[in-house]
Amino acid sequence: MKIFLLYVLVLLAILLGVYLYRVLQGPTIFDRVLGLNGISTKAIILLIVMGVYFERVDMFVDISTGYALLNLVGALAVAKYLERKGVP
Amino acid sequence: MEILSIIFIVAGLFFLIVAAIGVIRLPDVFSRSHAVSLTDSLGAFLMLVGIALHEGLGTNMLKILVVLALLYIINPVIAHATVRAALRSGLKPWEKENS
C-alpha cells in the first residue's frame, strides 16, 4: 500500500505541472484563475494522500481544509473584481 | 477493504488525468471550465472516498468527508463566478471556423 501511495503522489505532482502550464500560458486571465482553482484541488488531494503516506492524517486534513477555504475567498475576490472592471 | 480502496483511488486518478488532458486540449474558457469543475469534482470524490475507506471508521474518516463536502461546494461556485465574469466582460464563446 505504501508503494502504491508513493506512485499516486508522483502522478499528482505531474498533474500539478500540467495545470501550471495552463496558468503560465493561458490566453486570457480567466484561464489563469481556472488553472489556479484546479491546482488548489490537486493540492488538497495531494495533502491528504501525503497524510496517509506519513500516517499523520489528523494533522494534514486540517491543513487542507484551511487551503480550501483560502482558495474559495481568493478566487471569488478575483472573479468579482474582474466582473466589475472588465478585461484588462 | 484494501482492494476496494485501491479500485476507488485508481478510478479517481483516471478522471483526474482526463481533466488534465481537457485543460490542455480544449479551445476556450467556457469549455475548459467543464474540465476543471465537473471532471475534477468527480475525480476528487472517488479519490477521497477511497482514502476514507482505507482509513476505516473514526474521526479521520469524518474529517476527510467534511473536506469532500467543502470541495463540492467550492468547485462549482468558483467555476460559475469565473465564467460569469468572463461572459459579462465581453468574451465571445468559441465557434468552429468555416462551418
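Fair warning: this is a prediction, and the values are worked out from it, not measured in the lab.

Participant: Explanation requested: the overall build of chain A in the structure shown.
Facilitator: When its secondary structure is counted, chain A shows three helices and zero strands. For chain A, the N- to C-terminal ordering of α and β elements is α-α-α. For chain A, the C-alpha radius of gyration of 15 Å lies well beyond 12 Å, the compact-globule estimate for 88 residues. The C-alpha extent of chain A, read off along each of the three principal axes, is 50 × 25 × 10 Å. The 88 residues of chain A split such that 36% are buried. If you take every contact in chain A between residues at least 6 apart in sequence, the share linking residues at least 24 apart comes to 51%.

Participant: I'm lost on the overall build of chain B in this one. Help?
Facilitator: For chain B, the count of helices and strands is three helices and zero strands. A compact globule built from 99 residues would reach a C-alpha radius of gyration of about 13 Å, whereas chain B, at 17 Å, exceeds it by more than 25%. With the C-alpha coordinates of chain B rotated into their principal frame, the extents come out at 55 × 25 × 15 Å. When each of the 99 residues of chain B is scored for burial, the buried share is 41%. Long-range contacts, defined here as pairs at least 24 residues apart, represent 66% of the contacts in chain B between residues at least 6 apart.

Participant: Where do I start with the interface of chain A and chain B in this structure?
Facilitator: At the junction of the two partners, chain A supplies 36 residues and chain B supplies 39 residues. Among the elements of the structure, α1 (2–25), α2 (29–54) and α3 (57–85) of chain A are those that each provide at least two residues to the side of chain A that touches chain B. Its residues assigned to classes, the side of chain A that touches chain B shows 24 nonpolar, eight polar and four charged.

Participant: Please explain the packing of α3(A) against helix α3 (residues 59–88) of chain B as it appears in this structure.
Facilitator: Axis angle and axis distance: for two packed helices, these are the angle between their axes and the distance between the axes, and together they describe the pair. Relative to each other, α3(A) and α3(B) sit at 15 degrees, their axes nearing to 9 Å. Taken together, the axis directions place α3(A) and α3(B) in an arrangement best described as roughly parallel. The element α3(A) and its partner α3(B) pack so that their crossing is left-handed.

Analysis parameters
Residues numbered from 1 in each chain as written. Chains lettered and ligands numbered in written order. Predicted model: local features only at pLDDT ≥ 70, side-chain atom pairs only at ≥ 80, totals over all residues. Helix = DSSP H or I, 4+ residues; strand = E, 2+ residues; numbered from the N terminus. Rg over C-alpha atoms; globule rule 2.2 N^0.38 Å. Buried ≥ 20, exposed ≤ 12 C-beta atoms within 10 Å, placed from the backbone. Contact = placed C-beta atoms within 7 Å. Nonpolar A, V, L, I, M, F, W, Y, C, P; charged D, E, K, R; others polar. Axes fitted to C-alpha atoms, helices over the stretch in contact; angles between N-to-C directions. Parallel < 35°, antiparallel > 145°, perpendicular 65-115°, else oblique. Left-handed = near helix turned anticlockwise from the far one by under 90°.

Function cannot be inferred from these measures alone, as they are strictly geometric.
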